[in-house]
Amino acid sequence: MDYPIGRVRRKAVIMVGMATSSVDLTRMPRGGPDASCLDRLLDRFDDRGEVDPDAVLRMLGWTGGVFGSTRQFAEIVLAEVAEVADPRILELGGDDELSRTLRDWHPTVRLTTADVDSVAEFADGQFDLAVLVLGLHHLSPERAARVLAEGARVADKLLVIDLPRPPAPLHLLRLATLLPLAPVLAPVHDGLVSSVRAYSPSALRALAGHAGVDVELRGGLLGPQIVVATRR
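Residues numbered from 1 in each chain as written. Predicted model: local features only at pLDDT ≥ 70, side-chain atom pairs only at ≥ 80, totals over all residues. Heavy atoms only, no water.

Per an unreviewed UniProt entry, the protein is named Methyltransferase type 11, and its organism is Mycolicibacterium phlei DSM 43239 = CCUG 21000.

In structure tokens:
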């Protein structure tokens, strides 16, 4: 197979085993149960206002091709099934560009797309890999925990690629820098709100505890947050 996975980096690997499930997800901030006061205040910046979703999707598709994020995500996905000859992959949410790239790079991949709320329709272990790209931060903590549990149930492992949540001071600086552009550029506004909604590693561990799954966390400030969830 000739897909370019050599550049995939595995940074800051954190193995999480028996994570606690005592956290009340209905009250948990996106920064996690141990979030600082500043991090909790950032959660209040969560009003999308008037945004044209079609314009956002068009821009995200364009930036994915221009800046290489689609290729980067495809590399990460295929690296997870590098030892499987004809991998069965469940793509949650569906991204046309990512699906096309996966099929181009791995013609024998068996790709199924489904909505995140329809995972329960699939059998245990039906797929080699389930994938959710840039979608977890759109889900409430309760729904996110269900997706982790169901994704790890129907596949040997669930791969989540999402936005990283930087430390609160850096996060605040980023928001202040981009905020002037938000009223005139819909994708910037959407990106700011999505950044605030992103889950921290602490929050992801709490979600895993409620889901009853083990998670491996990878990623850095300059790259995506990667979560690999498996059944216990």
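This is not the end of the story, as more comes after the structure.
### Quick notes on the overall build of the protein
From N to C terminus, the protein includes eight helices and seven strands. Counting all 232 residues of the protein, 47% fall into the buried class. The contacts in the protein between residues at least 6 apart in sequence include a share of 76% that link residues at least 24 apart. (Helix = DSSP H or I, 4+ residues; strand = E, 2+ residues; numbered from the N terminus. Buried < 20%, exposed > 50% of the residue type's maximum accessible area, 1.4 Å probe, protein only. Contact = heavy atoms within 4.5 Å.)

### Here's the deal with the packing of aromatic side chains
Inspection of every chain in the model, using the stated rule, returns one aromatic pair. Look at F122 and F127: their rings are 5.2 Å apart centre to centre, the planes differ by 75 degrees, and that puts the pair in the edge-to-face class. You'll find F122 and F127 in the same group, each marked buried. (Phe/Tyr/Trp six-rings, centres within 6.5 Å; stacked < 30°, edge-to-face > 60°.)

### Let's talk about the pairing of strand β2 (residues 88-92)
Counting buried positions over the five residues of β2 gives four, a clear majority of the element. Sheet topology note: the β2/strand β3 (residues 110-114) ladder contains five bridges and is parallel. In the strand pairing of β3, L90 is matched with T112. Bridge count between β2 and strand β4 (residues 129-133): four bridges; the pairing is parallel. Bridging from a neighbouring strand, L90 pairs with A130 of β4. (Pairing = 2+ DSSP bridges.)

### Remarks on unusual backbone geometry
In this structure, L134 takes a positive phi of about 50 degrees despite not being glycine. Counting through the fold element by element, L134 comes out in the loop between β4 and α5 (141-154). Judged by its relative accessible area of 34%, L134 is partly exposed.

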